[in-house]
Amino acid sequence: MKVGKWRWETIAAQATHWREGEVGHNVHLEGKMEDTPKSQPISTQIQEIAEQAIAYPEAFRNLAHRIDEAWLREAYRQTNKSSAAGVDGITAVAYGVNLEQNLAELHERLKSGRYKAPPVERVWIDKEDGQKRPIGKPTFEDKIVQRAVVMLLEPIYEQEFYGYSHGFRTGHSPHQALHELREQCQHLNINWIIDADVSRFFDEIGHDQLREFMKQRVNDGGILKLIGKWLKAGVMEEGKLTYAEKGSPQGGVISPLLANIYLHYVLDEWYEQEVKPRLKGRSFLIRYADDFVIGCELESDARRIMEVLPLRFSRYGLTIHPEKTKLVNFGKPPKNGQSGPKKETFDFLGFTHYWAKSQRGYWVIKRKTARKRQRRSIKTLWNWCKENRHLPIEEQYQMLCLKIQGHYQYYGIRSNYRQLEEFYQQVMAGWRYWLNRRDQQRKVIWEKFKEIVTNFSLPKPRIIHAI
């Protein structure tokens, strides 16, 4: 078992999270590993499951009975109430009117095996390249059930996942992944980066392979049956129901966890057990969901991984994009006066990574907003200003502040101030441009606009993450 300090910190963080909504538990747990008193708080149960996962390497076979009404009530508490309704048209507000009765009936259907996973409603949104991206809208009740299963599985798989897997996990974030990437590159003398791209990962997850992966750690028939129902639930689009033989539930609460489980065995375990021991130089892997990079000290090691990576993924029905996946020469530039090949850059989690001189004259790795992300963010704000130009200026101002602050919250890292400033200036220009066009008879001249932005000052660029 891969137990380390970070795992215990994760357990503690989860326990604190669960205690915010502690409720009683009325099921007596059976079995040598699972004897617990009645009326046990959810947070205590979560921590016990995590400790059992650390102590016992065999698969869990007795989990589904933990999902009682109290467990479902906590799952309801954690479920997002603001999302749109699914195919049944029932919103979170409507479901909460008779909450206790609804949860009791739901528990009875789950207990008897009569629960049916409803199809997911699919809608399409525009992408920057002009293509469409599908978004799934599960029913609210189905989200509750998926959240309840996630509550069971997370404490088990948190003990399995490696620390460099940062996507959709408690206590992890994209900025942790960015910080770890920078530190590994500088301290391990990394010279080569494999910048990988998995084509349509969430649509290509193999159902049979996923079940086999899960059985290694969770072989509970009730849980596996529920997951099978979600995988086969189908998609409803414009009144037509279709079924897919592969892929994870679109928009499902459980989809990120299933994706992490799949790539844990396809990539992480393979890298640790088969790839890393065979390398001659130092190496690292950083993964955020299906977005990952591999760093190598030696070019020969990097090229060997590049050769076998597509073969490994194709074995499990996945494709490494041949054009978007590349090998990047990313070693520290030579000292002054020395010649060498020009160092390349790569993008990861929305940032372009490159070598540059610090104020003290040292070579350091810096990050700036990736060009595509910058264009997309500016275009999104321009379109918003266009579509909402007739709203009162006070309302526009409040919404723009939220959107701009959200941008700073993610992209506000050290060495990225220039891109933040460009974003701010472009948003200001877009706001003025569309205010000018909401009333063709009364143009918003520059002096008038300066008066507006003086009274309604948009947030200025600022660095939030000192990484």
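As shown above, the structure is provided for reference.
Residues numbered from 1 in each chain as written. Predicted model: local features only at pLDDT ≥ 70, side-chain atom pairs only at ≥ 80, totals over all residues. Heavy atoms only, no water.

**Q** What am I meant to see in the overall build of the chain here?
**A** A count of helices and strands for the chain gives 16 helices and 11 strands. Residue burial in the chain is summarised as follows: out of 467 residues, 48% are buried. Within the chain, contacts between residues separated by at least 24 positions form 71% of all contacts whose residues are at least 6 apart in sequence. In the form shown here, the chain has an accessible surface area of approximately 23600 Å², with 49% of it arising from carbon and sulfur atoms. (Helix = DSSP H or I, 4+ residues; strand = E, 2+ residues; numbered from the N terminus. Buried < 20%, exposed > 50% of the residue type's maximum accessible area, 1.4 Å probe, protein only. Contact = heavy atoms within 4.5 Å. Areas by Shrake-Rupley, 256 points an atom, 1.4 Å probe, with all protein chains shown as cover.)

**Q** Help me understand the nonpolar core, please; the structure alone is not making it clear to me.
**A** Burial of nonpolar side chains together is a common tendency in soluble globular proteins. Counting residues in each nonpolar core, the largest one holds 120 residues, and the members touching the most others are Phe292, Phe313 and Trp431. Among the elements that take part in this core, helix α11 (residues 255-275) stands out by supplying 12 residues, more than any other. Setting aside chain neighbours within four positions, we find tryptophan 431 in contact with Cys385, Ile393, Gln396, Tyr397, Leu400, Phe449, Ile452, Val453, Phe456 and Leu458. (Core = buried A, V, L, I, M, F, W, Y, C linked by side-chain atoms within 4.5 Å.)

**Q** Sorry, what's going on with unusual backbone geometry here?
**A** The general pattern is negative phi for most residues beyond glycine and trans for most peptide bonds. You will see that alanine 289, though not glycine, has its phi angle at about 60°, which is positive. Relative to the elements of secondary structure, alanine 289 occurs in the loop between β6 (283-288) and β7 (291-296). Of note in the backbone geometry, serine 415 takes a positive phi value of approximately 80° without being a glycine. Within the secondary structure, serine 415 is located in the loop between α14 (393-411) and α15 (417-436). Under the relative-accessibility criterion, serine 415 is labelled partly exposed at 30%.

**Q** Would you mind showing me how to read the packing of α11 against helix α12 (residues 299-314) here?
**A** Two quantities define a packed helix pair, namely the angle between the axes and the distance from one axis to the other. Running from amino to carboxyl end, α11 crosses α12 at an angle of 140°, the nearest separation of the two axes being 11 Å. Looking at the two axes, α11 sits oblique to α12. Crossing geometry of α11 relative to α12 is assigned as right-handed. Residues Leu263, Tyr265, Val266, Leu267, Trp270, Glu274 and Val275 of α11 lie in contact with α12, whose contacting residues are Ile305, Val308, Leu309, Arg312 and Phe313. Looking at the contact of α11 with α12 residue by residue, the class counts come to 10 nonpolar, no polar and two charged. (Axes fitted to C-alpha atoms, helices over the stretch in contact; angles between N-to-C directions. Parallel < 35°, antiparallel > 145°, perpendicular 65-115°, else oblique. Left-handed = near helix turned anticlockwise from the far one by under 90°. Nonpolar A, V, L, I, M, F, W, Y, C, P; charged D, E, K, R; others polar.)

**Q** What should I look at first to understand helix α2 (residues 42-55) in this one?
**A** An α-helix turns once per 3.6 residues; consequently, residues spaced three or four apart project the same way. Compared with an ideal rise of 1.5 Å per residue, which puts 14 residues at 20 Å, α2 spans 20 Å between its outermost C-alpha atoms and is within 8% of the ideal. Buried within α2 are the following residues: Ile42, Ser43, Gln45, Ile46, Ile49, Ala50, Gln52, Ala53 and Ile54. (Expected span 1.5 Å × (residues − 1).)

**Q** Looking at this model, I keep getting lost on helix α13 (residues 371-387). Mind explaining?
**A** The terminal C-alpha atoms of α13, which comprises 17 residues, lie 24 Å apart, in line with the 24 Å expected from a rise of 1.5 Å per residue. Here α13 has its buried residues at Gln374, Ser377, Ile378, Leu381, Trp384 and Cys385. Down the axis of α13, the smallest arc covering the buried residues is 120°, so these residues share one side. Every exposed residue of α13 that faces more than 90 degrees away from the buried side is listed here: Arg371, Lys372 and Glu387. Buried residues in α13 make contact with β11 (363-369), α14 and α15. (Arc of directions from axis to C-beta.)

**Q** Mind showing me how you'd approach empty space enclosed by the protein here?
**A** Throughout the structure, instances matching the rule amount to three cavities of 30 Å³ or more. Along the wall of the largest cavity there are 13 residues; nearest its centre are Ser83, Ala84, Ala85, Ala92 and Phe140. Of the residues contributing to the lining of the largest cavity, the split by class is six nonpolar, five polar and two charged. When its volume is computed, the second largest cavity comes out at roughly 40 Å³. Along its surface, the second largest cavity is lined by Leu210, Arg211, Met214, Leu224, Ile227, Gly228 and Leu231. Taken together, the elements giving at least two residues each to the lining of the second largest cavity come down to α9 (207-215) and α10 (221-231). No other element matches the four residues that α10 contributes to the lining of the second largest cavity. In terms of residue class, the lining of the second largest cavity is built from five nonpolar, one polar and one charged. (1 Å grid on protein atoms, 1.4 Å probe; cavity = no way out; pocket = protein on both sides within 12 Å on 5 of 7 lines; lining within 4 Å. Points joined across faces, edges and corners; volume = space filled by probe spheres on them.)

**Q** Any chance you could explain the sheet that holds strand β9 (residues 346-348) here in plain terms?
**A** Strand-to-strand pairing in sheets goes through backbone hydrogen bonds, with the strands running parallel or antiparallel. In space, the three strands of this open sheet follow the order β9-β10-β11, with antiparallel pairing throughout. Every other strand in the sheet has two partners, leaving β9 and β11 as the edge strands with one partner each. Each neighbouring strand pair of the sheet contributes to a mean axis angle of 40°, computed without reference to strand direction. In terms of strand pairing, β9 meets strand β10 (residues 351-357) through three bridges, oriented antiparallel. Bridge assignment links aspartate 347 to a residue of β10, and that residue is threonine 352. (Pairing = 2+ DSSP bridges.)

**Q** Where do I start with the packing of helix α6 (residues 140-157) against α10 in this structure?
**A** Close contact between α6 and α10 brings their axes to 11 Å; oriented N to C, the two are set at 135°. The orientation of α6 relative to α10 falls into the category oblique. The interaxial crossing formed by α6 with α10 has left-handed handedness. Contact residues: α6 offers Asp142, Val145, Gln146, Val149, Leu152 and Leu153, while α10 offers Ile223, Leu226, Ile227 and Trp230. Here the residues of the contact of α6 with α10 sort into eight nonpolar, one polar and one charged.

**Q** Honestly, the pairing of β6 in this entry has me stumped. Any pointers?
**A** Each regular strand carries side chains that alternate between the two faces of the sheet. Here β6 lies mainly inside the structure; six of its six residues are buried. Alternating residues of β6 divide into Ser283, Leu285 and Arg287 and Phe284, Ile286 and Tyr288, and every residue in both groups is buried. Across six bridges, the pairing between β6 and β7 is antiparallel. Directly across from phenylalanine 284, in β7, lies its bridge partner glycine 295.

**Q** What am I meant to see in the packing of aromatic side chains here?
**A** Each aromatic ring pair is characterised by the separation of its centres together with the angle its planes make. Taken as a whole and assessed by the stated rule, the structure comprises 21 aromatic pairs. Consider the rings of tyrosine 164 and tyrosine 271, whose centres lie 6.4 Å apart with planes at 90°: the pair is edge-to-face. With tyrosine 164 in the loop between α6 and α7 (174-187) and tyrosine 271 in helix α11, this pair connects stretches of sequence that are 107 residues apart. On the basis of relative accessible area, tyrosine 271 is assigned to the buried category, the value being 1%. When the ring of phenylalanine 330 is compared with that of phenylalanine 346, the centres are 4.9 Å apart and the planes differ by 75°; the resulting orientation is edge-to-face. Of this pair, phenylalanine 330 sits in the loop between β8 (326-329) and β9 while phenylalanine 346 sits in strand β9, and the two are 16 residues apart along the sequence. (Phe/Tyr/Trp six-rings, centres within 6.5 Å; stacked < 30°, edge-to-face > 60°.)

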